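Breakdown of the fold
Each chain, letter by letter, is given below.
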Amino acid sequence: MQRIFGMTEVIQIYKSVYAIDKSDYNSNSRSSIKDWPDAIQSKTGYVADKKLFLPYSQRSNPDIKNSDLIIIQDIEGFDPFLINNELRNSNLPDWFKESRSQFLLSQNLQIKCFPSLTSRCDFEIFKIAKTDKSNFEFSLNYIANQYSIGLPKREDHKIGILNNEKSFTYRINGKIDGHSQRVFMEYKYAIEYIGKIDSVEFLAPNKIKGQKHLPKNNLKNIDERKVLK
């Protein structure tokens, strides 16, 4: 199934999130959070020859056809199909299975559509604004996400500019005091501007798999991690 529509821009994001208990937070666990691999296996979607290929599960998404911006996000260690299977095969109440599934999906967006770029767009811990032709300004949206990122407190601030010539990586950490013990959060992103598309096609899951190479050229590394205790 294929749809044709006006020029829409696509941004690719790669994400890793680590939650480390205080008892396990040491030099070994911190050093295990390594740099990005050269390539990853993806089932989320991809762009080729100005065409966006997405899985069939997205064909009922009404926002895809009328979006100015579509974000594709690949998340390390997250597969919604496997998570839903685990929940369905458990003895948990149905209402809990559904709410848990919806919560996990909301915290790990794989496809996000923005119908208009006339104002700032919220995406997970970021605010995104279109500044001019093919330039996107990324800012940290800390205040709205402080309970997910943790302490120390930060001000909302500009992180960097993304366009077809500049990609960037972003890292931030924080500590959260839970019911039993402190948890240390480590967020790691790689963000790349893919370009404009003029059509989208939906494929079966076994045809959407592919290898993606993380950006390397003109890559800016932005590290806002703090020393935590």
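Treat the numbers as computed from the prediction; the structure is a model and nothing was measured.

About the thresholds
- Residues numbered from 1 in each chain as written.
- Predicted model: local features only at pLDDT ≥ 70, side-chain atom pairs only at ≥ 80, totals over all residues.
- Heavy atoms only, no water.
- Salt bridge = Lys/Arg side-chain N within 4 Å of Asp/Glu carboxyl O.
- Helix = DSSP H or I, 4+ residues; strand = E, 2+ residues; numbered from the N terminus.
- Buried < 20%, exposed > 50% of the residue type's maximum accessible area, 1.4 Å probe, protein only.
- Phe/Tyr/Trp six-rings, centres within 6.5 Å; stacked < 30°, edge-to-face > 60°.
- Lys NZ or Arg CZ within 6 Å of the ring centre and 35° of its normal.

**Re the pattern of salt bridges**
Under the criterion given, the structure shown has nine salt bridges. E137 serves as the salt-bridge partner of R120, at 3.0 Å between the closest nitrogen and oxygen. Here E137 lies in strand β9 (residues 135–140) and R120 lies in the loop between β6 (111–114) and β7 (121–123), a separation of 17 residues in the sequence. Where R182 meets D177, a salt bridge forms, and the shortest distance between an N and an O atom there is 2.7 Å. D177 gets classed as exposed once you look at its relative accessible area, which sits at 53%.

**Some points on the packing of aromatic side chains**
Evaluation of the coordinates by the stated rule reveals seven aromatic pairs. A centroid spacing of 6.0 Å and a plane angle of 35° characterise the contact between F136 and Y193, whose relative ring orientation is tilted. One end of the pair, F136, is in strand β9; the other, Y193, is in strand β12 (residues 182–203), and 57 residues separate them in sequence. For Y193, a relative accessible area of 8% puts it in the buried group. Ring geometry for F138 and F168: centres 5.5 Å apart, planes at 80°, overall edge-to-face. Residue F138 is found in strand β9, and its partner F168 is found in strand β11 (residues 167–177); the two are separated by 30 residues along the sequence. No difference in accessibility class separates F138 from F168, as the two residues are buried. The structure contains a cluster of three or more aromatic residues connected by ring pairs, namely F126, F138, F168, Y170 and Y189. Its end group placed over the ring of W36, K188 keeps NZ or CZ at 4.5 Å from the ring centre.

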